[in-house]
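Read off the chains here:
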Amino acid sequence: MPPSTRTRLEADRTARRAAERRKRTLVISTAVVVVLAVAATIGIVVGRHTSAADEADWASVARKDLRLPSAQMGTGIRYGRNAVAPILVVYEDFRCPICREVETTLGPTIQRLADEGTIRVEFRIASFLDGKLGGNGSKYAANAAGCAQDAGAFKAYHDVLYAHQPDERSDGFGSRTRLLELASQVDGLRGEAFDRCVRDLAFAPWVQASQAEFAHAQIGGRRVTGTPTLALAGRPVEVLTDRGPVAPETFAAQLKALAAPTP
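Everything numeric in this text was worked out from a predicted model, so none of it was measured.

**Student:** Please clarify how the sheet that holds strand β1 (residues 77-79) should be interpreted in this entry.
**Tutor:** Pairing is mixed across the open sheet formed by 5 strands, whose spatial order is β1-β3-β2-β6-β7. Two strands in the sheet have a free side with no partner beyond their single neighbour: β1 and β7 (235-237). Within this sheet the neighbouring strands show an average axis-to-axis angle of 25°, counted without direction. Pairing geometry for β1 and strand β3 (residues 120-125), over 3 bridges, is antiparallel. In the sheet register, Ile 77 faces β3, and the bridge partner there is Phe 123.

Set out below in C-alpha cells:
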C-alpha cells in the first residue's frame, strides 16, 4: 500500500476516533445535566416541604395564649439599672444587617450608658424580614431571645446573635439547632428549660405580638418603617449617616442631651 494511502487511512481512523470521543462526551455531559436538574428539582421540593412544615409548626404554636418573657410588662425587653432613667427604645430585627452594623458600632456605648444609669434600654424585636426574604430566622431568633430573657441572659445572648449573624438571605437563624449552639457561648444559659423553650417555640405568641406592635409603632407622630430605629423619651435618635453608623462619641452626646431634664 502506497505511503500516501496509509497516511490517508490513518487520518480517517483518527478522525473517527475523535468523533466517537466527542459523541461519548456529549452523552455523558447531557446525562450529568439531567441528573443535576433532577437533583435541583428534588432539593427545591424538599426545601419547600421543609419550609411549609416549619410554617405549619410556627402557626400552631403562635395560636397559643400570650406569655411574656420574665420580668416584662409589655412586648419590649428592658435592660438597665436605673428604674427612673429615660428609656431608649430600640426597634431591631435579628436578621437585619444594618442592625448588626449599629450594634457593632454603638452597642457598647448603649450598654455603658445603661450600666451607668443614664438611660434604660427597651428592645422591641421585629420579625418582618422573614416575610420579605422568606424563612423563619427572624421569628426563631426572636423566640430564642425571649427564652434567654426568661433565663435571665437576654443581653448576653442578644450580643452573641449579632456577633454571629448570618447573611440575611441564608436564613441561618432558621435552624433551632444553630440557635442552641450559639447559646452555648453564654455561660449558664443552656439547660433543659431553655433548650425546650427554643425547640418548642414557646414565645411564638409574644414574637407575633411584638411584630404587630412594630407594624403600628410611631415616634413623634411618624410611623416606624424599618430597623434599626431608635428613640429616647419619645424623640428620634439619629444612628445612621450616608457613610454608616454615627460615631460613638456623637451618639453618646446626642443621648445625653436628649436624656437631660428639661428646664
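**Student:** Quick question: what am I supposed to make of the pattern of salt bridges here?
**Tutor:** Opposite charge on two side chains allows them to pair when their charged atoms are near. Scanning all chains against the criterion turns up 12 salt bridges. Here Glu 122 and Arg 78 are joined by a salt bridge, their closest N and O atoms 2.5 Å apart. Here Arg 78 lies in strand β1 and Glu 122 lies in strand β3, a separation of 44 residues in the sequence. Using a relative accessible area of 44% as the deciding quantity, one classes Arg 78 as partly exposed. Arg 95 is the salt-bridge partner of Asp 171, the closest N and O atoms lying 3.5 Å from each other. Note that Asp 171 is positioned in the loop between α5 (154-163) and α6 (176-183) and Arg 95 in the loop between β2 (87-92) and α2 (97-116), a separation of 76 residues in sequence. Taken as a pair, Asp 171 and Arg 95 share a single burial class, namely buried. Through salt bridges that share partners, Arg 78, Glu 122, Arg 124 and Glu 213 make up one connected network.

**Student:** How should I be thinking about the side chain of Asp 171 in this particular structure?
**Tutor:** Classification of Asp 171 as buried rests on a relative accessible area of 19%. In this structure the side chain of Asp 171 is engaged in a polar contact, spanning 3.5 Å, whose partner is the side chain of Arg 95. Setting aside anything within four residues of it in sequence, one finds Asp 171 in contact with Arg 95, Asp 130, Gly 134, Gly 135, Asn 136 and Gly 137.

**Student:** Just checking my understanding: could you explain the pairing of β3 for this structure?
**Tutor:** Across a regular strand the side chains alternate sides, sitting on one face of the sheet and then on the other. The buried fraction of β3 is high, at 6 of 6 residues. Along β3, one buried face is formed by Arg 120, Glu 122 and Arg 124 and the opposite face, lined by Val 121, Phe 123 and Ile 125, is buried too. Taken together, the 6 bridges between β2 and β3 define a ladder with parallel strand orientation. Bridge pairing in β3 places Glu 92 opposite Ile 125. With α2 bridging β2 and the parallel β3, this β-α-β connection has right-handed handedness.

**Student:** Any chance you could explain the pairing of strand β6 (residues 229-232) here in plain terms?
**Tutor:** Burial along β6 is two-sided: Thr 229 and Ala 231 and Leu 230 and Leu 232, pointing in opposite directions, are all buried. Relative to β6, β2 runs antiparallel, the two being bridged by 4 bridges. Within β6, the position partnered with Val 90 by the bridge is Leu 230. Examined bridge by bridge, β6 and β7 share 3 bridges and lie antiparallel to one another. Looking at the pairing, Leu 230 lines up with Val 237 of β7. The loop that links β6 with its antiparallel partner β7 comprises 2 residues; one of these, Ala 233, has a positive phi angle of about 50°.

**Student:** I would appreciate a short explanation of helix α7 (residues 192-199) in the present structure.
**Tutor:** An α-helical turn contains 3.6 residues, so a residue and the one three or four places further along point in the same direction. Those residues of α7 that fall on the buried side of the exposure criterion are Phe 194, Asp 195, Cys 197 and Val 198. Down the axis of α7, the smallest arc covering the buried residues is 160°, so these residues share one side. In this structure, α7 carries Glu 192 and Ala 193 as exposed residues pointing more than 90 degrees from its buried face. Against the buried residues of α7 lie α4 (137-150) and α6. Among the residues trailing α7, Leu 201 stands out with phi positive, at a value near 55°.

**Student:** How should I be thinking about the side chain of Thr 109 in this particular structure?
**Tutor:** Topologically, Thr 109 is positioned in helix α2. Excluding residues that lie within four positions of it along the chain, Thr 109 makes contacts with Pro 248, Phe 251 and Ala 252.

**Student:** Help me understand the confidence of the model for the chain in this model?
**Tutor:** Considering every residue of the chain, the mean pLDDT works out to 83; 76% of them sit at 70 or more. Low confidence marks residues 2-9, where pLDDT is under 50. Its contacts with residues over four positions away, or in another chain, come to 2 contacts. Every residue in residues 21-50 scores below 50 in pLDDT, and together they form 0 contacts with partners more than four places removed in sequence or on other chains.

About the cut-offs
- Residues numbered from 1 in each chain as written.
- Predicted model: local features only at pLDDT ≥ 70, side-chain atom pairs only at ≥ 80, totals over all residues.
- Heavy atoms only, no water.
- Pairing = 2+ DSSP bridges.
- Helix = DSSP H or I, 4+ residues; strand = E, 2+ residues; numbered from the N terminus.
- Axes fitted to C-alpha atoms, helices over the stretch in contact; angles between N-to-C directions.
- Salt bridge = Lys/Arg side-chain N within 4 Å of Asp/Glu carboxyl O.
- Buried < 20%, exposed > 50% of the residue type's maximum accessible area, 1.4 Å probe, protein only.
- Polar contact = N/O pair within 3.5 Å; in protein donor to acceptor, adjacent residues only side chain to side chain.
- Contact = heavy atoms within 4.5 Å.
- Right-handed = clockwise from strand over helix to strand, strands pointing away.
- Arc of directions from axis to C-beta.
- pLDDT = per-residue confidence, 0-100.

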